[in-house]
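Topology and contacts: notes
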Amino acid sequence: MITSRLRTLRDYIRWAVSRFHEHDLFFGHGADNAWDEARLLVLGAVHLPWEVADSYLDCMLEDDERVRLQHLLKRRIEERVPAAYLLGEAWFCGMSFIVDERVLVPRSPIGELIEKRFEPWLASEPARILDLCTGSGCIGIVAADVFPEAEVVLADLSFQALEVANQNIERHGLDGRVYTVQGDGFGGLPGQRFDLILSNPPYVDAEDFDDMPAEYHHEPELGLACGSDGLDLVRRMLAEAADHLTEKGLLIVEVGNSQVHVEALYPEVDFAWLEFERGGHGVFMLTAEQCRQHQELFKALV
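Attention in this report is confined to the structure presented alongside it. Numbers given for residues are sequential positions, taken from 1 along each chain in its written order. For a predicted model such as this one, the threshold for reporting local features is a pLDDT of at least 70, and the threshold for listing and counting side-chain atom pairs is 80 or more; totals across whole chains, interfaces and linings nevertheless cover every residue. To obtain the side-chain values, all non-hydrogen atoms of the structure were included, while hydrogens and water were left out.

With that settled, consider the overall build of the protein chain. Strands here mean DSSP runs of E at least two residues long; helices mean DSSP runs of H or I at least four residues long; both are numbered from the N terminus. A count of helical and extended segments in the protein chain gives 12 helices and nine strands. Just to be clear, the radius of gyration here is over C-alpha atoms, and the globule rule we use is 2.2 Å times residues to the power 0.38. Taken against the 2.2 N^0.38 rule, which gives 19 Å for 302 residues, the C-alpha radius of gyration of the protein chain at 21 Å falls within 12% of a compact globule. Principal-axis analysis of the C-alpha atoms places the extent of the protein chain at approximately 65 × 40 × 35 Å. The classification of residues rests on relative accessible area computed with a 1.4 Å probe and restricted to protein chains. Under 20% of the type maximum is buried, over 50% is exposed, and intermediate values are partly exposed. Taken across its 302 residues, the protein chain has 53% of its residues classed as buried. Only four residue types enter the charge count, namely Lys and Arg as positive and Asp and Glu as negative; His and the chain termini do not. By convention, the charge on Lys lies at NZ, on Arg at CZ, on Asp at CG and on Glu at CD. For the protein chain, the centre of its 26 positive side-chain charges and the centre of its 53 negative side-chain charges are spaced 5 Å apart.

This brings us to the nonpolar core. Core analysis: the biggest nonpolar cluster contains 39 residues, and Leu130, Leu238 and Leu251 have the highest contact counts within it. Of all the elements in the fold, those that place two or more residues in this core are β3 (128-132), β4 (151-156), β6 (194-199), α9 (232-241), β7 (245-254), β9 (283-287) and α11 (288-293). Counting residues per element, this core draws most heavily on α9, at six residues. For this analysis, residues touch if any pair of their heavy atoms sits within 4.5 Å. In contact with Leu238, other than residues within four places in its own chain, are Leu251, Tyr266, Phe271, Phe284, Leu286 and Phe298. Among the buried residues, those of types Ala, Val, Leu, Ile, Met, Phe, Trp, Tyr and Cys that are joined through side-chain atoms within 4.5 Å form a nonpolar core. Residues Leu9, Trp15, Leu43 and Ala161 belong to the second largest nonpolar core, which totals 35 residues.

Pairing is mixed in the open sheet, where seven strands are placed in the order β5-β4-β3-β6-β7-β9-β8. The sheet is open, and its two edges are formed by β5 (178-182) and β8 (272-273), each paired on a single side. Two strands are counted as paired when DSSP detects at least two bridges linking them. One ladder, built from five bridges, connects β3 with β4; its direction is parallel. The residue of β4 that forms the bridge with Leu130 is Val153.

Attention shifts here to the environment of Glu112. Position of Glu112 among the secondary structure elements: in helix α5 (residues 110-115). When its relative accessible area of 5% is taken as the criterion, Glu112 is described as buried. With 166 residues separating them in the primary sequence, Glu112 and Arg278 have C-alpha atoms 7.8 Å apart. Dropping the residues within four chain positions of it, Glu112 is found in contact with Phe276, Glu277 and Arg278. Think of a polar contact as two N or O atoms within 3.5 Å of one another; within protein, one of them needs to be a possible hydrogen donor and the other a possible acceptor, and neighboring residues in sequence only count if both atoms come from side chains. From its side chain, Glu112 meets the backbone nitrogen of Glu277 in a polar contact 2.7 Å long.

Here we take up the packing of helix α1 (residues 9-22) against helix α2 (residues 34-45). It is at 9 Å that the axes of α1 and α2 come closest, and there the two elements cross at 135°. Taken together, the axes of α1 and α2 lie oblique to each other. Crossing handedness for the pair α1 and α2: right-handed. Two secondary-structure elements touch here, α1 through Leu9, Tyr12, Ile13, Ala16, Val17, Phe20 and His21 and α2 through Ala34, Trp35, Glu37, Ala38, Arg39, Leu41, Val42 and Leu43. Residues were grouped as follows: Ala, Val, Leu, Ile, Met, Phe, Trp, Tyr, Cys and Pro as nonpolar; Asp, Glu, Lys and Arg as charged; and all remaining residues, including Gly, as polar. Among the residues forming the contact of α1 with α2, the class breakdown is 12 nonpolar, one polar and two charged. Between the N-to-C directions of two axes lies an angle of 0 to 180 degrees, each axis being a line fitted to C-alpha atoms and, for a helix, fitted only over the stretch in contact. Angular relationships are summarised with four words: roughly parallel below 35 degrees, roughly antiparallel beyond 145, roughly perpendicular across 65 to 115, and oblique for the angles in between. Working rule for handedness: look at the near helix, and if it is turned counterclockwise from the far one by less than a right angle, call the crossing left-handed; if clockwise, right-handed.

When their charged atoms lie close together, side chains carrying opposite charge are able to pair. The salt bridge definition used is simple: a Lys or Arg side-chain nitrogen within 4 Å of an Asp or Glu carboxyl oxygen. All told, the structure shown has 20 salt bridges when counted by the stated rule. A salt bridge links Arg39 to Asp54, with the nearest nitrogen and oxygen atoms 3.3 Å apart. Pair noted here: Arg39 is in helix α2 and Asp54 is in the loop between α2 and α3 (63-78), with a separation of 15 residues, a long-range link. On the basis of relative accessibility, which here comes to 7%, the residue Arg39 falls in the buried class. Close ionic contact of Glu219 with Arg107 constitutes a salt bridge, the shortest N to O distance being 2.8 Å. Linking Glu219 in the loop between α8 (206-211) and α9 with Arg107 in the loop between β2 (95-98) and α5, this pair joins segments that are 112 residues apart in sequence.

Take the pairing of β6 next. For β6, a buried count of five out of six residues is recorded, marking the element as mostly surrounded by other parts of the structure. In this structure, β3 lies alongside β6, joined through four bridges in parallel fashion. Its bridge partner being in β6, Leu130 is matched across the sheet by Ile197. As paired strands, β6 and β7 are joined by five bridges and run parallel to one another. Bridge pairing in β7 links Leu196 to Leu250.

The structure is reproduced here in structure tokens:
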């Protein structure tokens, strides 16, 4: 499949870009174009950072490196496996996370909000943060890094996802104040309240799920699909959020393309739909007061 004339990192990146275009791959898991994806995969395969100086690209590869790289490129092209799964690593907000097919590849625009410390909406430093539907733990762990005094809970229904999240807690040395809880929605958190609840839950509606590129079908369906309108879990979260927020707490939830379903289902609710400089959409914010004000409505529509 790959000619023996490819010798340098630059050779392999160029070859990969051509083949990625030829086979019409989809880029949505850390890169949005063939060049960045190829560079990420080729350099990652030989344990070099993505931003390495271009002078490194003319380095010759050892035979074992070429064998490994050829295997990874073959899987990326023929099986459509996302590069992050092939490398076992993804980057989110400048931090490295262990990932595999037990969890989604980190990519939530909520990361941009964390980096900005949720200004201007967060009135004071949060003492307790919940990352609901945590997957790899990336959102909660980045939040723990930005708010070093906060206790952070990573909650998920999937035991397998929490195994990965626990690996990432250990990787970043956060065992003392970040921990995992297993449960369905808020089910594992009776009586607990938080100053900040962040969630990238499953929200893909049935139509979008059927139309997703092959790359996404390597991700756990439990982390993507959630009913005909994508809101089976979000409806329950909204109904219960008021019981888990402190008086001045905030709820921030990503629903992506299912924003249209949220707006249609709750026309009376003044959701704040947040904007992003680096791309992304379908993330709403509600205050604890709004969650209390509309709780009966939310409960009625579960």
